[in-house]
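So you can see what is in the structure, the chains are spelled out below.
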Amino acid sequence: MAYTPLATVLQQWQQTPEWRQRQQFLRLLQQWSQLVGAVVAEHSVPLELTSQGVLRVAVANSTWAQHLMFSRSPLMAKIQQTLGIALRDICFSSRHWRPPSPANATDDTLPKVGSLPSLAAAATPQEAFKRWQDQVRRRSRDYPLCPRCQCPTPIKELQRWGVCGLCYTRSA
């Protein structure tokens, strides 16, 4: 068996129809939102470009499938003109639709809170309650007082009801 350099093998592989079809599909995926617009791109995603020149697209529901069916010819022409991909047909279906998953939160995307004080575990339930009570007092010390019960009250409650939520509930 003769030795064939890897670069030669890759060049030969890139000339195959399967490779070119995959490259075309990747370019289509990258350009999809520019081709169809941001709103349509939110409700559709290309699934496959078959060797017969059929593009399969998943859509959010049957309404989007119908809407895009009416736009099929201009879309095929736009794909041909923009990407040079000759399509025979485009099929729209909601069968394989999967809503976009939210990006996973990373340390970079999470809000920074600052350094939290490290506290030792409370020895008793009473100590834990006391800590919680002190924390609530610190948080509410700048709140205005309820005119009825004189308890610290969030400003939004006073603006909405004129009293704190507890007093409002008791009077209702």
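Report on the accompanying structure.

### Some words on the overall build of the protein
- Of regular secondary structure, the protein possesses eight helices and three strands.
- Listed by position from the N terminus, the elements making up the protein come as α-α-α-β-β-α-α-β-α-α-α.
- Considering the protein as a whole, with its 172 residues, one finds that 21% of them fall into the buried category.
- In the protein, of all internal contacts separated by at least 6 residues, the share reaching a separation of at least 24 is 42%.
- For the protein, the accessible surface area stands at approximately 13300 Å², while carbon and sulfur atoms represent 56% of it.

### Observations regarding the pairing of strand S3 (residues 89–93)
- The two faces of S3 differ: Ile90 and Phe92 on one face are buried, but Asp89, Cys91 and Ser93 on the other face are not.
- Sheet topology note: the strand S2 (residues 54–59)/S3 ladder contains five bridges and is parallel. Within S3, the residue paired with arginine 56 across the bridge is cysteine 91.

### So, the environment of leucine 28
- Tracing the sequence through the fold places leucine 28 in helix H2 (residues 17–36).
- Leucine 28 gets classed as buried once you look at its relative accessible area, which sits at 1%.
- Separated by 57 residues in sequence, leucine 28 and isoleucine 85 place their C-alpha atoms 8.7 Å apart.
- When neighbours within four sequence positions are excluded, leucine 28 is seen to be in contact with Leu35, Pro46, Leu55, Ile79, Leu83 and Ile85.

### Some words on the pattern of salt bridges
- One pass over the structure, following the stated rule, counts five salt bridges.
- Ionic pairing is found between aspartate 89 and arginine 72, a salt bridge with its closest N-O pair at 3.1 Å. Taken together, the positions of aspartate 89 in strand S3 and arginine 72 in helix H5 (residues 72–83) put the pair 17 residues apart, joining distant regions of the chain.
- A relative accessible area of 24% places aspartate 89 in the partly exposed class.
- The salt bridge partner of glutamate 127 is arginine 131, with a shortest N-O separation of 2.9 Å. Taken together, the residues glutamate 127 and arginine 131, both in helix H6 (residues 125–140) and four residues apart, mark about one turn of the helix.
- Several salt bridges converge on common partners, so that one network encompasses Lys130, Asp134 and Arg137.

Parameters at a glance
Residues numbered from 1 in each chain as written. Predicted model: local features only at pLDDT ≥ 70, side-chain atom pairs only at ≥ 80, totals over all residues. Heavy atoms only, no water. Helix = DSSP H or I, 4+ residues; strand = E, 2+ residues; numbered from the N terminus. Buried < 20%, exposed > 50% of the residue type's maximum accessible area, 1.4 Å probe, protein only. Contact = heavy atoms within 4.5 Å. Areas by Shrake-Rupley, 256 points an atom, 1.4 Å probe, with all protein chains shown as cover. Pairing = 2+ DSSP bridges. Salt bridge = Lys/Arg side-chain N within 4 Å of Asp/Glu carboxyl O.

Interpretation in functional terms is not warranted from these geometric data alone.
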